[in-house]
Each structure stands twice: as C-alpha cells, then as structure tokens.
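# Geometric and topological summary
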Amino acid sequence: MTDDRDPEDTLREWKDAMQGEHAEAIANPDPDETHRIEGVTQVSHRVYFAYDEERGTLERDYSEQVDDLSDPELRACSCGVRGMTPEEALEHVRAAREA
C-alpha cells in the first residue's frame, strides 16, 4: 500500500494546524500558569586586542559597544507560548489578566 498524498499538502495541513494551536494558546492562556513576557536580544561589541610580545599572544585590550539594545522581534511567555509578535504577546498577556 503506497501513500499517494502530496508532501506539500501534508506540510501545509501541518502548518495550518500548528498556526491554529498557536493562535489558540495566545488567545486563551492557561489561568493556572504565571504569565511573564520575555525576549532575547543581542548587543554587539567591537573587541580590540593587543599583541603581548613577551608571551607571543593577543590579549584583549578593550571593547566598545557598536549598537544599541533593541526590543526583540519575537517574544515568549513564561507559560511556554513561544514565537509571538509584540502584538500577539500583548494580546496574550491581556487575555491572561482577564482570565
């Protein structure tokens, strides 16, 4: 018995199901969980090295921050809902406060 299903259709169905579950988790947070929105961001630094002739090594001399801290594009909640846009995170936390 062979499976004649189109893999693209299967992937599309899976994505639709995952997006539906994601939207449900955002709109209907578990009232028994703690909800705290978090995100990860990175600030870049330029690091300068000096040559230590005695040791024959490069040693960190100093560094400077080259960009500012920015808000992350995707956010998560401590309850386990991940990959939310800022708008979705706001919807989620508001719904949690109303529950």
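Residues numbered from 1 in each chain as written. Predicted model: local features only at pLDDT ≥ 70, side-chain atom pairs only at ≥ 80, totals over all residues. Heavy atoms only, no water.

For the protein, the count of helices and strands is 2 helices and 4 strands. The N-to-C order of helical and strand elements in the protein reads α-β-β-β-β-α. Computed over C-alpha atoms, the radius of gyration of the protein comes to 23 Å, more than 25% over the 13 Å expected from 2.2 N^0.38 for 99 residues, which places it beyond the range of a compact globule. Judged by the C-alpha coordinates and their principal axes, the protein covers about 70 × 50 × 20 Å. As displayed, the protein offers around 8,200 Å² of accessible surface, 46% of which is attributable to carbon and sulfur atoms. Taken together, the 11 basic and 27 acidic charged side chains of the protein have centroids lying 3 Å from each other. (Helix = DSSP H or I, 4+ residues; strand = E, 2+ residues; numbered from the N terminus. Rg over C-alpha atoms; globule rule 2.2 N^0.38 Å. Areas by Shrake-Rupley, 256 points an atom, 1.4 Å probe, with all protein chains shown as cover. Lys, Arg positive; Asp, Glu negative; His and termini not counted. Charge placed at Lys NZ, Arg CZ, Asp CG, Glu CD.)

Per the counting criterion, the structure on display carries 6 salt bridges. With its nearest N and O atoms 2.8 Å apart, the salt bridge here joins E13 to R5. A residue is classified by how much of its surface remains accessible, and R5, at 42% relative accessible area, is partly exposed. Across the pair R46 and E64 runs a salt bridge, and its minimum N-O distance is 3.5 Å. With R46 in strand β2 (residues 45–52) and E64 in strand β3 (residues 57–65), this residue pair connects regions lying 18 residues apart in the sequence. A single network of salt bridges, built from pairs that share partners, joins R36, E38 and R82. (Salt bridge = Lys/Arg side-chain N within 4 Å of Asp/Glu carboxyl O. Buried < 20%, exposed > 50% of the residue type's maximum accessible area, 1.4 Å probe, protein only.)

This brings us to helix α1 (residues 7–27). Here α1 is 21 residues long and its end C-alpha atoms lie 30 Å apart, about the 30 Å a rise of 1.5 Å per residue gives. By the N-cap criterion, in which a side-chain oxygen at the helix start approaches the backbone nitrogen of a residue two or three places on, α1 is capped by D6, the distance to E8 being 3.2 Å. (Expected span 1.5 Å × (residues − 1). Polar contact = N/O pair within 3.5 Å; in protein donor to acceptor, adjacent residues only side chain to side chain.)

Further remarks concern the pairing of β3. One face of the sheet, then the other: side chains in a regular strand alternate in exactly this way. Where β2 meets β3, 8 bridges bridge the pair, whose relative direction is antiparallel. Looking across to β3, one finds that R46 is bridged to E64. Linking β2 back to β3 in an antiparallel pair, the connection comprises 4 residues, with G56 at a positive phi of about 70°. (Pairing = 2+ DSSP bridges.)

Another aspect to go through is the packing of aromatic side chains. Applying the stated criterion across every chain, the model contains 1 aromatic pair. Considering the side-chain rings of Y48 and Y62, the 4.5 Å spacing of their centres and the 20° angle between planes classify their relative orientation as stacked. Note that Y48 is positioned in strand β2 and Y62 in strand β3, a separation of 14 residues in sequence. (Phe/Tyr/Trp six-rings, centres within 6.5 Å; stacked < 30°, edge-to-face > 60°.)

If you look at the biggest cluster of nonpolar residues, it comprises 5 residues: I26, C77, V81, M84 and A89. When near neighbours in sequence (up to four residues on either side) are disregarded, C77 contacts T34, H35, R36, I37, R82, M84 and H92. (Core = buried A, V, L, I, M, F, W, Y, C linked by side-chain atoms within 4.5 Å. Contact = heavy atoms within 4.5 Å.)

Turning our attention to the environment of D30. Inspection of the secondary structure assignment puts D30 in the loop between α1 and β1 (37–38). With 69 residues separating them along the chain, D30 and A99 place their C-alpha atoms 8.3 Å apart.

Let's shift gears to the packing of α1 against helix α2 (residues 86–98). One can describe the packing of α1 onto α2 by two numbers: an axis separation of 7 Å at closest approach and a directional angle of 50°. Classed by the angle they form, the pair α1 and α2 counts as oblique. Residues H22, A25, I26 and A27 of α1 form the contact with α2, whose participating residues are E88, E91, H92 and A95. Within the contact of α1 with α2, the residues separate by chemical class into 4 nonpolar, 2 polar and 2 charged. (Axes fitted to C-alpha atoms, helices over the stretch in contact; angles between N-to-C directions. Parallel < 35°, antiparallel > 145°, perpendicular 65-115°, else oblique. Nonpolar A, V, L, I, M, F, W, Y, C, P; charged D, E, K, R; others polar.)

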